[in-house]
Protein chains: 2
Amino acid sequence: MQRPARTITRIQRKNTAAILDAALEVFSAHGFRGATVDQIAKAAGLSKPNLLYYFPSKEAIHAALLDGLMETWLDPLRAMDEAGDPLEAVLGYVRRKLEMSRDFPRESRLFANEIIQGAPRIGPNLSGELKELVDQKAEVIRHWIEDGKIAEINPHHLIFSIWALTQHYADFDVQVHAVLGGDHVDPYPEAQRYLETLFTRLLTP
Amino acid sequence: MQRPARTITRIQRKNTAAILDAALEVFSAHGFRGATVDQIAKAAGLSKPNLLYYFPSKEAIHAALLDGLMETWLDPLRAMDEAGDPLEAVLGYVRRKLEMSRDFPRESRLFANEIIQGAPRIGPNLSGELKELVDQKAEVIRHWIEDGKIAEINPHHLIFSIWALTQHYADFDVQVHAVLGGDHVDPYPEAQRYLETLFTRLLTP
DNA sequence: GCCTGTTTTGACCAACTGGTAAAACCGACG
DNA sequence: CGTCGGTTTTACCAGTTGGTCAAAACAGGC
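Residues numbered from 1 in each chain as written. Chains lettered and ligands numbered in written order. Predicted model: local features only at pLDDT ≥ 70, side-chain atom pairs only at ≥ 80, totals over all residues. Heavy atoms only, no water.

**Examining the protein's contact with DNA strand C**
- Every one of the 20 residues lining DNA strand C counts as a neighbour, but K48(A), K58(A), T9(B), Q12(B) and Y54(B) are closest to it.
- Looking at DNA strand C alone, sugar and phosphate atoms form 62% of those within 4 Å of the protein.
- The contact in question runs from a phosphate oxygen of DNA strand C to an N or O atom on the side chain of N15(B), over 3.0 Å.
- A distance of 3.5 Å separates a phosphate oxygen of DNA strand C from a polar side-chain atom of S47(B).
- Looking at the surface near DNA strand C, the elements that each hand over two or more residues are helix 3 (48-54) of chain A together with helix 1 (10-34) and helix 3 (48-54) of chain B. (Near = heavy atom within 4 Å. Polar contact = N/O pair within 3.5 Å; in protein donor to acceptor, adjacent residues only side chain to side chain. Helix = DSSP H or I, 4+ residues; strand = E, 2+ residues; numbered from the N terminus.)

**With respect to the relation of the copies chain A and chain B**
- The transformation that overlays chain A on chain B combines an axial shift of 0.0 Å with a rotation of 180°, and the residual RMSD is 0.0 Å. Given the turn and translation reported, the copies of this chain are related as if by a two-fold rotation axis. When C-alpha positions in chain A are compared against the rotation axis, the closest is assigned to G34(A), at 2.4 Å.
- The overlap is high: 100% of the interface residues of chain A also sit at the interface in chain B, so the same surface is used on both sides. (Least-squares fit on C-alpha atoms with pLDDT ≥ 70 in both. Contact = heavy atoms within 4.5 Å.)

**Examining unusual backbone geometry**
- Even without glycine at this site, A119(A) takes up a positive phi of about 50°.
- Along the chain, A119(A) falls in the loop between helix 6 (105-116) and helix 7 (123-146).

**Details of the interface of chain A and chain B**
- On the side of chain B, 55 residues touch chain A, which itself brings 55 residues to the contact.
- Both sides of the chain A and chain B interface together cover about 4700 Å² of buried area, and 68% of this is carbon and sulfur.
- The interface formed by chain A and chain B holds zero salt bridges in total.
- If you look at where chain A meets chain B, you find 16 residue pairs in polar contact (both at pLDDT 80 or more).
- Mapped by element, the contributors of at least two residues to the side of chain A that touches chain B are helix 1 (10-34), helix 6, helix 7, helix 8 (155-171), helix 9 (173-180) and helix 10 (188-203) of chain A.
- With 12 residues, helix 8 of chain A is the largest single contributor of residues to the side of chain A that touches chain B.
- Here the side of chain A that touches chain B is composed, by residue class, of 28 nonpolar, 19 polar and eight charged. (Buried area = accessible area lost by both parts, 1.4 Å probe. Salt bridge = Lys/Arg side-chain N within 4 Å of Asp/Glu carboxyl O. Nonpolar A, V, L, I, M, F, W, Y, C, P; charged D, E, K, R; others polar.)

**Quick look at the protein's contact with DNA strand D**
- Taken together, 20 residues sit near DNA strand D, with T9(A), Q12(A), Y54(A), K48(B) and K58(B) positioned nearest.
- Sugar and phosphate atoms constitute 57% of the interface atoms of DNA strand D, taking the interface as everything within 4 Å of the protein.
- Y53(A) is positioned with one of its side-chain polar atoms (N or O) 3.3 Å from a phosphate oxygen of DNA strand D.
- Within the contact set of DNA strand D, a phosphate oxygen lies 2.6 Å away from a side-chain nitrogen or oxygen of Y54(A).

**With respect to the packing of aromatic side chains**
- Per the stated rule, a full pass over the model turns up 12 aromatic pairs over all chains.
- Consider the rings of W73(A) and F111(A), whose centres lie 6.4 Å apart with planes at 40°: the pair is tilted. Of the two residues, W73(A) is situated in helix 4 (residues 58-78) and F111(A) in helix 6; the sequence distance between them amounts to 38 residues. Across this residue pair, the class does not change: W73(A) and F111(A) are buried.
- Both rings, one in F160(A) and one in Y169(B), keep their centres 6.4 Å apart while their planes meet at 90°; by these two values the pair is edge-to-face. (Phe/Tyr/Trp six-rings, centres within 6.5 Å; stacked < 30°, edge-to-face > 60°. Buried < 20%, exposed > 50% of the residue type's maximum accessible area, 1.4 Å probe, protein only.)

The following block contains the structure:
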């Protein structure tokens, strides 16, 4: 047994952090099966057995990453509440989600890999925690529509479209850059303007 | 050397087709590295050496799939031309793209896997063939805007958003179904209505 | 029923994979 | 100094992986 509950040493904190960062890099770039423990260990500056001293298995590293991610990922949606101007609330959610794509593209790709491959490890979370939160927020949106504060629209698909549009810039990053030409271009400023226009036109009654 | 140019026998046609179909199934579900030749062979009803009699390597099967895919994938965009009503042209493209997500989700996921993982095998195609086509179509959209036929919008990001929104229903299929509840729900009819509304409101001057 | 080219198989291999065991190392503390 | 917990390394293993090869089985035209 490793990492006895005694005390968490400085070395432990540093190494587990390095491992998780390296694992994020490798898993997000190759998927679970495509990633190897050796790759992760090398990226973390450790030997394979040393890495396995901190985490019992490859599976455990992946699980640790996904666990930490789920919450962070849903926080912006939680923050979209009934108070204030509805359009501004949606635009705020879009903006925050787009910022996450810009600042945490690896996390987005980790998630995308998991979902595309059938969500074998977080399926339950999707139809549990996630569905509940989305249903709840869809209800909020429905109220806004009923009160005539935003134009009529399908709330669930509105949320899907926010996910699709914002995550696209992280997940399909290579394609976006290839199509826009030089790699020196930062697509995000224009993406934000575009998405603000899109959702404003979509939701203005 | 296999598959000598002589004549393509019935068996060859049947087996290569079975292999490509099986490979599509496996690659789209696990990514390139995550897929094994044995899996593909079993799915195609062949032994591994027998499969390798038809294709020289795992790499070659994957390449054959991607080659065939690129054209099919871009066809709907090519079909979006200057003639006719601009809004109808865009909506037609959206509709066709959404149908592809519904009818060929495996192809969509194969593509998504490749791009998310950094497009190691079709990078050149993206900044070549793809970029050219997109630039050309962006020019068409720019004309529509100049002529006041549709509202002002960034053409490149408009195309990105069509990709993102339509492919989302294939690539994130599991999530969509999980959130919408029962698996017996078909999200596509509502998705089409939603996307038509979205792009109509976005582009109507 | 024989012959020629095609297809399939079984046995095999070297490299890689996730994971283990045990010994060696290291710094703190008595 | 010694020793004790935490840490790292070395050596190793069994299973899997992509791929090869020679020989066997099979087709179909004569």
